[in-house]
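# Working through the structure, step by step
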Amino acid sequence: MQTDIAPPSLAPLARLLPTLDGSDFLPELRKCLEHYFPDIDLVLCRLHRQGRPEILLHNLSPEQYAATLVPYCTGMYLLDPFYQYWLNHPAPSLVSLDQIAPEGFRRSEYFLTYYTGLGLHDELMCFFCGDSEWVLAFSFGFYRRPPYLDSRLLAAQMHYLFPLLQALLEKHRWQWQQQQQDERRQGLATFETGRLSEREQEVAQLFLQGYSAKAIADHLCISPGTVKNHRKHIYGKLGINSQADLFQLFLRHQGLD
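About the criteria used
- All residue numbers refer to position in the chain's written sequence, counted from 1.
- The model is predicted, so local features are restricted to residues of pLDDT at least 70 and side-chain atom pairs to those at 80 or more, both for listing and for counting; the totals for chains, interfaces and linings are taken over all residues.
- Side-chain calculation: all heavy atoms of the structure are included, whereas hydrogens and water are not.
- Here, any two strands with at least 2 DSSP bridges between them count as paired.
- Under the scheme used here, helices are H or I runs from DSSP no shorter than 4 residues and strands are E runs no shorter than 2 residues, and both carry numbers assigned from the N terminus.
- In this description, a line fitted to the C-alpha atoms serves as the axis of each element, helices being fitted only across the stretch in contact, and the angle between N-to-C directions of two axes falls anywhere from 0 to 180 degrees.
- Definitions used throughout: a 1 Å grid over protein atoms alone; a cavity as a set of points that fits a 1.4 Å probe which cannot get out; a pocket as an open set with protein on both sides within 12 Å along at least five of seven lines; a lining residue as one with an atom within 4 Å of a point.
- Grid points are joined across faces, edges and corners, and a volume is the space filled by probe spheres set on the points.
- Polar here means any residue other than Ala, Val, Leu, Ile, Met, Phe, Trp, Tyr, Cys and Pro, which are nonpolar, and Asp, Glu, Lys and Arg, which are charged; Gly is therefore polar.
- Accessible area is worked out with a 1.4 Å probe on protein chains only. A residue is then buried under 20% of its type maximum, exposed over 50%, and partly exposed in between.
- Two N or O atoms count as a polar contact when they lie within 3.5 Å, although within protein this holds only if one can serve as hydrogen donor and the other as acceptor, and sequence-adjacent residues are included solely when both atoms are side-chain atoms.
- By definition here, a salt bridge exists when the distance from a side-chain nitrogen of Lys or Arg to a carboxyl oxygen of Asp or Glu is within 4 Å.
- Two aromatic rings, drawn from Phe, Tyr or Trp (for Trp, its six-membered ring), form a pair once their centres lie within 6.5 Å of each other, and the interplanar angle then sorts them: stacked below 30 degrees, edge-to-face above 60, tilted otherwise.
- Only when the NZ atom of a Lys or the CZ atom of an Arg is both within 6 Å of the ring centre and within 35 degrees of the ring normal do we say a charge sits over the ring.

Across the sheet, which stays open at both edges, the five strands sit in the order β2-β1-β5-β4-β3 with antiparallel pairing between neighbours. The sheet is open, and its two borders are formed by β2 (51–58) and β3 (93–96), each paired with just one other strand. Adjacent strand axes in the sheet meet at a mean angle of 25° when their direction is disregarded. Across four bridges, β3 lies against strand β4 (residues 122–130) in antiparallel orientation. Across the sheet, serine 96 pairs through a bridge with leucine 124, a residue of β4.

Here is the structure:
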């Protein structure tokens with residue numbers, strides 16, 4: 001027998017209204033969301049199409065911040081399925097990792113290195129107000145499976161709160177300093193441009209983003225055999241033997257190794 005779950009109270013969100021025009025808004029927003037989702041790891045960042053992410057708010061420990069957000073902002077964000085999703089779907093939305101990640105992502109080097117290596121079990125992302133060049137992205141991370149709250153309930157609560165959060169974020173006069181744009185991102189487009197053909201770069205980028213050979217074939221509308229041939233040529237030109245080696249090359253390219 002299915003039991004209806006009462007929607008959460010909107011009182012914590014209502015208490016944010018007096019802080020909309022001040023510097024207290026982000027700290028109060030953190031308290032508000034921690035009220036709704038106790039023990040969930042929160043990160044609010046501003047993603048840029050042409051620039052590194054800005055971290056605006058988080059509740060991670062110093063150790064988690066150093067292990068998670070520093071490498072993410074340095075270059076790992078370029079492979080992030082959520083970032084790639086926003087680049088192709090620049091609109092307010094609420095998505096989970098399994099909804100938008102490519103097939104086989106949880107077996108990819110990115111997942112094994114970044115998610116599993118950090119103990120990150122799952123993630124839910126909210127994309128709020130922005131434009132074609134930037135977006136506010138609110139990450140809800142699970143470093144362990146919450147014993148009291150499954151991901152479906154979390155998603156249901158976020159769907160309920162999302163319109164109000166969107167309205168509040170749009171009305172708030174942001175108090176952070178603009179990140180300087182003189183440091184342009186070293187994008188995937190610059191990875192091994194001198195040694196790989198344009199098509200091989202495209203295939204290598206998809207492998208780095210966690211796509212399987214079959215998913216790459218579907219994405220590029222080519223045969224799996226053609227993908228395997230491209231992979232063989234990529235490995236030969238780069239002098240590597242595996243996707244793990246390819247991932248390490250990318251980390252060195254971004255200065256993360």
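There is more to say after this.
On to empty space enclosed by the protein, then. Enumeration according to the criterion identifies two cavities of 30 Å³ or more in this entry. Approximately 40 Å³ is the volume attributed to the second largest cavity. If you trace the second largest cavity, you find it lined by Glu109, Phe207, Leu208, Gln243, Leu246 and Phe247. Counting only elements with at least two residues in the lining of the second largest cavity, the list comes to α8 (198–208) and α11 (243–253). It is α11 that provides the largest number of residues to the lining of the second largest cavity, a total of three residues. Its residues placed into classes, the lining of the second largest cavity shows four nonpolar, one polar and one charged.

By the secondary structure assignment, asparagine 88 is in helix α4 (residues 81–88). Judged by relative accessible area, asparagine 88 falls into the exposed class, the value being 56%. In terms of polar contacts, asparagine 88 uses its side chain to reach the backbone carbonyl oxygen of glutamine 84, at 2.9 Å.

What follows covers helix α9 (residues 213–220). Listed as buried for α9 are Ala213, Ala215, Ile216, Ala217 and Leu220. Cysteine 221, located one to two residues past α9, shows a positive phi value of around 60°.

Turning our eyes to something else, we now look at the pattern of salt bridges. Inspection of the entire model under this criterion finds seven salt bridges. The residue glutamate 54 makes a salt bridge to arginine 46 at a minimum N-O spacing of 3.4 Å. For glutamate 54, a relative accessible area of 8% translates into the label buried. Among the salt bridges present, the one from lysine 237 reaches glutamate 200, with a minimum N-O distance of 2.7 Å. Note that lysine 237 is positioned in helix α10 (residues 224–238) and glutamate 200 in helix α8, a separation of 37 residues in sequence.

Under the defined criterion, the tally for this structure stands at 11 aromatic pairs. Geometrically, the ring pair formed by tyrosine 83 and tryptophan 86 is tilted, given 6.2 Å between the ring centres and 45° between the ring planes. Here tryptophan 86 and tyrosine 83 lie together in helix α4, a separation of three residues that amounts to about one turn. The exposure class of tyrosine 83 is buried, given its relative accessible area of 0%. A network of ring pairs unites the aromatic residues Tyr36, Phe37, Phe138 and Phe140 as a single cluster. Sitting above the plane of the tryptophan 86 ring, arginine 49 keeps its charged end 5.2 Å from the centroid.

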